[in-house]
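# Commentary on secondary and tertiary structure
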Amino acid sequence: MEKLTKKLLILVGPLMLMTGCQEHSDQRLTQMALQQTKIQAEQSRQMLELQQEVATGARQLVSADAQSRQEIVAMQHDLQIERANMAQRWDQLEQERKHIASQRYYDSVIAEVISNLGIILICLLPLIVCWQLLRQTVEPATENEVAELLLDDLVASKPLLFPQKPFMPENSEHQELSSDAPAQNRLGTMNS
């Protein structure tokens, strides 16, 4: 501000000297020169304040720009960290997926093997039973045991070895005998 005032004094000073000390018209010029000087000083002061405000605004803008750049750099850094974390989680997820896939494969293979072994065991059981039966030594039955078995079968209400014929009425027996008689007679005549 002082520089501006000095410049004005340098410009206005010679004008004042040139006009000298004249009566009324000189005073009016002097007053006008002083008023112009005051106006210019006020304008200079306003310009200076405006320049200071512009400089302050520019500093604030530069600091805000620097701060926003720092925030952008921090956000990019956070984004890179987050991407790295996501990549790590993706790798873990992929490993888990591969593990589950291999486990499913082996589980299905094991289930198939168990199923096939079960079928083989079911098929082998009758053969094992037959083998055990064939390996047993069977002692021949004695005459007493055979006789006892035959007697038990004859006395039983439902015999297994010798099933009984159902009882027929007497008339049917006589008819059977009578029908057998001619056959016997025929046999007897044929023999003789």
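Along every chain, residues carry numbers that run from 1 in the direction the sequence is written. The predicted origin of the model limits local features to residues at a pLDDT of at least 70 and limits the giving and counting of side-chain atom pairs to 80 or more, whereas totals for whole chains, interfaces and linings rest on all residues. Values shown for side chains rest on all heavy atoms present in the structure; no hydrogens or waters enter the calculation.

All right, on to the overall build of the chain then. For the chain, the helix and strand inventory stands at four helices and zero strands. Counting from the N terminus, the helices are DSSP H or I runs at least four residues long and the strands are E runs at least two residues long. Reading the chain from its N terminus to its C terminus gives the helix and strand order α-α-α-α. Here the chain, with 192 residues, has 4% of them falling under the buried criterion. Split by element, the accessible area of the chain, about 18,200 Å² in all, is 62% carbon and sulfur. When accessible area is computed with a 1.4 Å probe and restricted to protein chains, residues below 20% of their type maximum are described as buried, those above 50% as exposed, and intermediate ones as partly exposed. Per-residue accessibility takes into account occlusion by the displayed protein chains alone, with areas from the Shrake-Rupley method and a 1.4 Å probe.

With that out of the way, let us pick up the confidence of the model for the chain. Mean pLDDT over the chain: 81, with 77% of residues reaching 70 or higher. Confidence scores per residue from the predictor, reported as pLDDT, run from 0 to 100. Of all helices and strands in the chain, the one with the weakest mean pLDDT is helix α4 (residues 170-191) (48), whereas helix α2 (residues 24-135) scores best (91). This stretch, residues 176-181, has a pLDDT under 50; its non-local contacts, to residues over four places away or in other chains, come to one contact. In this model, residues 183-192 is a region of pLDDT below 50 whose contacts with residues beyond four sequence positions or in other chains number zero contacts. Contacts are residue-level and defined by heavy atoms, with any inter-residue pair within 4.5 Å sufficient.

A separate point is helix α3 (residues 143-155). End to end, α3 covers 18 Å across 13 residues, agreeing with the expected 18 Å (1.5 Å per residue, within 8%). In terms of residue burial, α3 counts as a barely covered element, since only one of its 13 residues are buried. How far a helix is expected to stretch is found by multiplying one less than its residue total by 1.5 Å.

Any two of the Phe, Tyr and Trp rings considered here, Trp counted by its six-membered ring, make a pair once their centres fall within 6.5 Å; the pair's planes then place it as stacked at under 30 degrees, edge-to-face at over 60, or tilted in between. Per the stated rule, a full pass over the model turns up one aromatic pair. Between Tyr-105 and Tyr-106 the ring centres are 5.4 Å apart and the planes differ by 70°, which places this aromatic pair in the edge-to-face class. As far as the burial class goes, Tyr-105 and Tyr-106 line up, both exposed.

Here we take up the pattern of salt bridges. Once the charged atoms of two side chains with opposite charge are near each other, the side chains can pair. Salt bridge, as used here, is a side-chain nitrogen of Lys or Arg placed within 4 Å of a carboxyl oxygen of Asp or Glu. One pass over the structure, following the stated rule, counts four salt bridges. Its salt-bridge partner being Arg-97, residue Glu-94 comes within 2.6 Å of it at the nearest N-O pair. With Glu-94 and Arg-97 both in helix α2, this residue pair falls three residues apart, about one helical turn. With a relative accessible area of 47%, Arg-97 lands in the partly exposed category. Taken together, the shared-partner salt bridges connect Glu-42, Arg-45 and Glu-49 into one network.

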